[in-house]
Amino acid sequence: MQVANQIRDILTEQFAPTELQIIDDSSKHAGHSGADPRGESHFSVLVVSEKFTGENRVNRQRLVYGALDSLLKDRVHALALKTMTPGEYKSALENRT
């Protein structure tokens, strides 16, 4: 199974996100230290979930890192996270325009 699909499955199960974006940035890191020749080692992820309500940014990221622990140990070298509540996400979208 592709790593991105594993990330999607785990985060969907753990956080029931209203928005989930997973971008494979591995090609930008080819040849760099930590780059896996198999690919799928660097990701940018946006998770929007009610489960983040009342949690600060650090705790939100800890929750996600905990959920993805096995992948982070074995396959994922770098993970850029953005974690938001649905209200924060809606507000961010409205402020774009």
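Here the structure is a predicted model, which is why all the values come from computation and not from measurement.

The rules behind these values
- Each chain has its residues counted from 1, following the order in which its sequence is written.
- In keeping with the predicted nature of the model, local features appear solely for residues at pLDDT of at least 70, side-chain atom pairs appear and are counted solely at 80 or more, and the whole-chain, interface and lining totals rest on all residues.
- Side-chain calculation: all heavy atoms of the structure are included, whereas hydrogens and water are not.
- Should DSSP find at least two bridges between two strands, the strands are taken to pair.
- Under the DSSP-based scheme used, a helix requires at least four consecutive residues in state H or I and a strand at least two consecutive residues in state E, with every element numbered from the N terminus.
- To define axes, lines are fitted to C-alpha atoms, for helices over the stretch in contact only, and angles between the resulting N-to-C directions are given on a 0 to 180 degree scale.
- Residue contacts follow a heavy-atom distance rule, with two residues in contact if any of their heavy atoms lie within 4.5 Å.
- Working definition: with a 1.4 Å probe on protein chains only, accessible area under 20% of the residue-type maximum means buried, over 50% means exposed, and in between means partly exposed.
- Aromatic pairs are defined between Phe, Tyr and Trp rings, using the six-membered ring for Trp, whenever the two ring centres lie within 6.5 Å; interplanar angles under 30 degrees are classed as stacked, those over 60 as edge-to-face, and all others as tilted.

1. Points about the sheet that holds strand β2 (residues 42-48)
Right, so step 1: Reading across from one edge, β1-β2-β3 is the order of the three strands in this open sheet, with mixed pairing throughout. This sheet does not close on itself; its edge strands, each paired only once, are β1 (19-24) and β3 (78-84). Between one strand axis and the next, the sheet turns through 10° on average, direction left out of account.
Right, so step 2: Together, β1, β2 and β3 form the strand contacts of helix α4 (residues 86-96), whose direction differs from that of β3 by roughly 90°.

2. Notes on the environment of Arg-60
Right, so step 1: As for its placement among the helices and strands, Arg-60 is situated in helix α2 (residues 57-67).
Right, so step 2: On the basis of relative accessibility, which here comes to 8%, the residue Arg-60 falls in the buried class.
Right, so step 3: Residues Arg-60 and Leu-81, spaced 21 residues apart in sequence, show a C-alpha to C-alpha distance of 9.5 Å.
Right, so step 4: Apart from the residues within four sequence positions on either side, Arg-60 is in contact with Phe-52, Glu-55, Thr-83, Met-84, Thr-85 and Glu-88.

3. With respect to the pairing of β2
Right, so step 1: Among the seven residues that make up β2, six are buried, leaving the element largely enclosed by the rest of the structure.
Right, so step 2: Two strands pair when backbone bridges link them, and β1 and β2 are joined in this way by six bridges, in the antiparallel orientation. What sits directly across from Asp-24, in β2, is Phe-43.
Right, so step 3: Two elements, β2 and β3, share seven bridges in a ladder whose sense is parallel. Within β3, the residue paired with Val-47 across the bridge is Thr-83.

4. Some points on the packing of aromatic side chains
Right, so step 1: Evaluated as defined, the whole model comprises one aromatic pair.
Right, so step 2: Between Phe-15 and Phe-52, the ring centres sit 5.3 Å apart and the planes meet at 35°, which makes this aromatic pair tilted. Placement of Phe-15 in helix α1 (residues 3-15) and of Phe-52 in the loop between β2 and α2 is noted, with a sequence separation of 37 residues between them. In this structure, Phe-15 and Phe-52 share a single accessibility class: buried.

5. Structural notes on the environment of Val-76
Right, so step 1: Inspection of the secondary structure puts Val-76 in the loop between α3 (69-74) and β3.
Right, so step 2: Residue class for Val-76 comes out buried when judged on its relative accessible area of 5%.
Right, so step 3: Taking the C-alpha atoms as reference, Val-76 lies 8.1 Å from Val-3; in sequence the two are 73 residues apart.
Right, so step 4: With near-sequence residues (within four places) excluded, Val-76 lies in contact with Val-3, Ile-7, Ser-41, Phe-43 and Leu-71.

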